[in-house]
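These are the residues of each chain, in order.
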Amino acid sequence: MKLFITGIGTEIGKTVCSAILVQHFKADYWKPVQSGDLHYTDSKKIEDWTDNTICHPERYRLQLAASPHQSARAENIDINLDEFQLPETQNALIVEGAGGLMVPLSDHSFMIDLIEKLRIPTALVVRNYLGCINHTLLSVMVLQQRKIKLEYLILNGEFPEDTERVICSFIEKDTKIIRIPEISPDKENITTTAKQLTITKL
């Protein structure tokens, strides 16, 4: 099982959700592009929050905490899609993107182009806020346009019934739903949530 974790925006809990899925599926972890926070990367968080996880090295480690295309430009680096290859492993693999689908890697390529190149299905992390319906439906629409399989819709935190109903009415029937409660990210909470994780269909 290989899965690309993306989201409807930034700061919506992709890394926490990735940790829970890594623990649940006993998977390896790979962050292709780390932009900023090199003192405590997402890979390091996954190592701290999960049990004996293999974290494969990032292809690009960029100093500036900004969009990857801006961070790369600041270091005179060109992010090239041809430089990305899935790590070799016999285990399941969770791949975590940066930001949402249309985050630029360069002036000519976006995160969705990387997903398309890697040819693996996605899990879309959604968090409730004013505007999340719009951002979610646009994300689902662009995945459908690119014919990229949405394997899981991850509802991270609590949602009003009306919001959840509209979002779920827009996705394909074979997309599975994962509901993750509001938690503080630490190893104990990640482990407990991974054990109790339920995956449902519409």
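Here the structure is a predicted model, which means the values were calculated and not measured.

Below, the discussion takes up the environment of G36. Locating G36 in the fold gives a position in the loop between β3 (33–35) and α2 (42–49). On the accessibility criterion, G36 (0% relative accessible area) is buried. When the C-alpha positions of G36 and S67 are compared, they lie 9.3 Å apart, and in sequence the two are 31 residues distant. Once you skip the residues sitting within four places of it in the chain, G36 turns out to touch L62, Q63, L64 and A65.

Another point: the packing of aromatic side chains. Counted under the stated rule, the structure contains 2 aromatic pairs. The interplanar angle of 40° and the centroid separation of 6.4 Å between the aromatic rings of F25 and Y152 together place this pair among those described as tilted. Taken as a pair, F25 in helix α1 (residues 14–25) and Y152 in strand β8 (residues 150–156) lie far apart in primary sequence, 127 residues in all. Seen from the ring of Y60, R59 lies directly overhead, with NZ or CZ sitting 4.7 Å from the centre. Of note, K176 hangs over the ring of Y152, and the distance from its end group to the ring centre comes to 5.2 Å.

Moving on, we get to the UniProt feature "active site" (unreviewed entry) in the protein. With numbering matched to this structure, UniProt assigns "active site" (unreviewed entry) to K31. Along the chain, K31 falls in the loop between β2 (28–30) and β3. Other than its neighbours up to four places away in sequence, K31 contacts D42, S43, E58, R59, E96, G97 and A98. Reaching out from K31, the side chain makes a polar contact with the side chain of D42 at a distance of 2.8 Å.

The subject of this paragraph is the pairing of β8. Counting buried positions over the 7 residues of β8 gives 7, a clear majority of the element. Pairing of strand β7 (residues 122–127) with β8 involves 6 bridges; the strand directions are parallel. Paired with V125 across the strands is I154, a residue of β8. Direction of pairing for β8 relative to strand β9 (residues 176–180): parallel, over a ladder of 5 bridges. Within β9, the position partnered with Y152 by the bridge is K176. Each parallel crossover has a hand, and for β8 linked through helix α6 (residues 161–170) to β9 it is right-handed.

Turning to the UniProt feature "binding site: substrate" (unreviewed entry) in the protein, a few remarks are in order. The sites that UniProt annotates as "binding site: substrate" (unreviewed entry) are S35. For S35, the location among the structural elements is in strand β3. Here the side chain of S35 touches A66 through a polar contact of 2.7 Å, landing on its backbone oxygen.

Quick notes on the rules
Residues numbered from 1 in each chain as written. Predicted model: local features only at pLDDT ≥ 70, side-chain atom pairs only at ≥ 80, totals over all residues. Heavy atoms only, no water. Helix = DSSP H or I, 4+ residues; strand = E, 2+ residues; numbered from the N terminus. Buried < 20%, exposed > 50% of the residue type's maximum accessible area, 1.4 Å probe, protein only. Contact = heavy atoms within 4.5 Å. Phe/Tyr/Trp six-rings, centres within 6.5 Å; stacked < 30°, edge-to-face > 60°. Lys NZ or Arg CZ within 6 Å of the ring centre and 35° of its normal. UniProt positions renumbered as here; feature names shortened; annotations may be inferred. Polar contact = N/O pair within 3.5 Å; in protein donor to acceptor, adjacent residues only side chain to side chain. Pairing = 2+ DSSP bridges. Right-handed = clockwise from strand over helix to strand, strands pointing away.

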